[in-house]
Amino acid sequence: MKAVSMQNMSPRKVTLPGVLKLLLVVVTALLLQACDTELYTDLNEREANIMVASLARHGIPAKRVVQEGGLMSVTVDEDNFAEAVSILDRLGLPQQKFSNLGTVFESNSLVSSPVQERAQMVYALSEELSHTVSQIDGILSARVHVVLPDNDLLERNSTPSSASVFIRYSPTLDVNPLIPKIKTLVANSISGLEYDSVSVVPVAAVSLDIAEGAPTMTLSSFLGIAMPASSVARAGWIFGTLLVLVLGLAAALGWILWHQRRRGPYELETPP
């Protein structure tokens, strides 16, 4: 039997970078347990920025996630999902989508009937005016309903055109000075429509501070970090788990290093 000294042959050592990689994997798995839920999808960059900023002002952290095609989605922690939806709804976010003249008059048919063309025209005017009014600062949402009667040009007693405007505005906005301007805007946008034939119905949105039954955001402190009260328990669980994990890995690493230092060179017997 021939004994061969194998001083350079030792068991595979566990290195510190390897332990750190293992710790990183475990930490990532723990953080993924605090799953985010998609709040709204298919948003442009401006819409996503406004929604994230609005939620941040009310103490709810949100994230923007880029989707395929360049659009974005807004995600929040699943514990804050219901409260985030309530806040954005009262803020009129995301803003309502409106059709324009180009999309309304897209038709697959070669020839449209007069009734269809008239209905499309009324709908297109309503959508365009609703979009314009909703762009006024402080207006959360707006709808404009246009009535264009089908009058005979030879008839004397024709029915005049009319329009009604519904606006939902922020409680902090003084809407009274805006009403005459909105009536003028709508009247000048439709041929034959008189100023007095335009009615505006303003409705104040419920304030987030006095909304009946609205959840209130309560902030708590965890290790000096302000966060929603609903997230403190989860943060404590994650922190405790990480602390136990780090201590366990440190003990295991210390034992491995101590064990490797105690082990000296050994001999490996090979057959003659």
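For every chain, the first residue of the written sequence is number 1, and numbering continues from 1 along that sequence. Under the rules for a predicted model, residues below a pLDDT of 70 receive no local features and side-chain atom pairs below 80 are neither given nor counted, while totals for whole chains, interfaces and linings still include all residues. For side-chain calculations, the full set of non-hydrogen atoms in the structure is used, while hydrogens and water are omitted.

Colleague: Sorry if this is basic, but what is going on with the overall build of the chain here?
Modeller: Counting from the N terminus, the helices are the DSSP runs of H or I reaching at least four residues and the strands are the DSSP runs of E reaching at least two. Regarding its fold elements, the chain presents seven helices and 10 strands. Burial statistics for the chain: of 272 residues in total, 27% are counted as buried. Whether two residues are in contact is decided by their heavy atoms: any pair within 4.5 Å suffices. Relative to all contacts within the chain whose residues are 6 or more apart in sequence, the contacts with residues 24 or more apart total 66%. Residue burial considers only the protein chains on display, and all accessible areas are found by Shrake-Rupley using a 1.4 Å probe. Split by element, the accessible area of the chain, about 18100 Å² in all, is 58% carbon and sulfur. Exposure classes here rest on a 1.4 Å probe applied to the protein chains alone. A residue is buried below 20% of its type maximum, exposed above 50%, and partly exposed in between.

Colleague: What am I meant to see in the sheet that holds strand β4 (residues 72-77) here?
Modeller: Strand-to-strand pairing in sheets goes through backbone hydrogen bonds, with the strands running parallel or antiparallel. DSSP calls a pair of strands paired once it identifies at least 2 bridges connecting them. Taken in spatial order, the three strands of this open sheet run β2-β4-β3, and their pairing is antiparallel. In this open sheet, the two strands that pair with only one neighbour each are β2 (36-43) and β3 (62-66). Each adjacent strand pair in this sheet contributes to an overall mean axis angle of 25°, direction not counted. With five bridges joining them, β3 and β4 adopt antiparallel strand pairing. Across the sheet, Lys63 pairs through a bridge with Thr75, a residue of β4. Interaxial angle, 0 to 180 degrees, is taken between N-to-C directions of lines fitted to C-alpha atoms, where a helix line uses only the stretch in contact. Along the sheet, helix α3 (residues 81-90) makes contact with β2 and β4, crossing β2 at roughly 35°.

Colleague: Sorry, what's going on with the nonpolar core here?
Modeller: Burial of nonpolar side chains together is a common tendency in soluble globular proteins. Among the nonpolar cores identified, the biggest contains 20 residues, and Val144, Val165, Ile167, Ile182, Val186 and Val198 are the most heavily contacted of them. Going through the elements one at a time, α5 (114-134), β5 (139-147), β6 (162-169), α6 (178-189) and β7 (198-204) are the ones with two or more residues in this core. Residue contributions to this core peak at five residues, all from α6. Ignoring sequence-local partners within four residues, the contact set of Ile182 consists of Val133, Ile136, Val165, Ile167 and Val200. The term nonpolar core refers to a set of buried residues drawn from Ala, Val, Leu, Ile, Met, Phe, Trp, Tyr and Cys, joined through side-chain atoms within 4.5 Å. Counting residues in hydrophobic clusters, the runner-up holds 15 residues, among them Leu43, Ala48, Ile60 and Ala84.

Colleague: I would appreciate a short explanation of the sheet that holds β6 in the present structure.
Modeller: Overall, mixed pairing links the three strands, which are arranged β5-β6-β7 in an open sheet. Pairing within the sheet leaves two strands with one partner each, and these edge strands are β5 and β7. Adjacent strand axes in the sheet meet at a mean angle of 15°, parallel and antiparallel pairs treated alike. Direction of pairing for β5 relative to β6: antiparallel, over a ladder of eight bridges. Within β6, the residue paired with Val147 across the bridge is Ser162.

Colleague: Help me out: how do you make sense of the packing of α5 against α6 in this one?
Modeller: When two helices pack together, their arrangement is given by the angle between the helix axes and by the axis-to-axis distance. Between α5 and α6, the least distance of the axes is 11 Å, while the angle of their chain directions is 155°. Taken together, α5 and α6 sit at an angle that is classed as roughly antiparallel. Handedness of the crossing formed by α5 with α6: right-handed. Contact with α5, carried on its side by Leu129, Thr132 and Val133, involves Ile182, Leu185, Val186 and Ser189 of α6 and no other residues of that element. Here the nonpolar group is Ala, Val, Leu, Ile, Met, Phe, Trp, Tyr, Cys and Pro; Asp, Glu, Lys and Arg are the charged ones; every other residue, Gly included, is treated as polar. Of the residues in the contact of α5 with α6, the class split is five nonpolar, two polar and no charged. Every angle not falling under 35 degrees, over 145, or within 65 to 115 is termed oblique; those three ranges are roughly parallel, roughly antiparallel and roughly perpendicular. What makes a crossing left-handed is the near helix being turned counterclockwise from the far one by less than a right angle; a clockwise turn instead makes it right-handed.

Colleague: Explanation requested: α3 in the structure shown.
Modeller: In an α-helix, one full turn covers 3.6 residues, which means residues spaced three or four apart are oriented alike. Every buried residue belonging to α3 is among Glu83, Ala84, Ile87, Leu88 and Arg90, and all of these are buried. Buried positions in α3, seen along its axis, are confined to an arc of 165° and lie on one side of it. Facing away from the buried side of α3, by more than 90 degrees, are the exposed residues Ala82 and Asp89. The inward-facing, buried residues of α3 contact β2, α2 (45-57), β4, β5 and β6. Following α3 by one or two positions, Gly92 adopts a phi angle in the positive range, close to 70°. The directions from the helix axis to the C-beta atoms are what the arc is built from.

Colleague: What's the story with the pattern of salt bridges in this structure? I'm lost.
Modeller: Note that side chains of opposite charge can pair when their charged atoms are close. Salt bridge, as used here: a side-chain nitrogen of Lys or Arg that lies within 4 Å of a carboxyl oxygen of Asp or Glu. Scanning the model with the defined rule gives one salt bridge in all. For Arg143, the salt bridge identified is with Glu127, shortest N-O distance 3.1 Å. On the criterion of sequence distance, the pair formed by Arg143 in strand β5 and Glu127 in helix α5 is long-range, its members being 16 residues apart.

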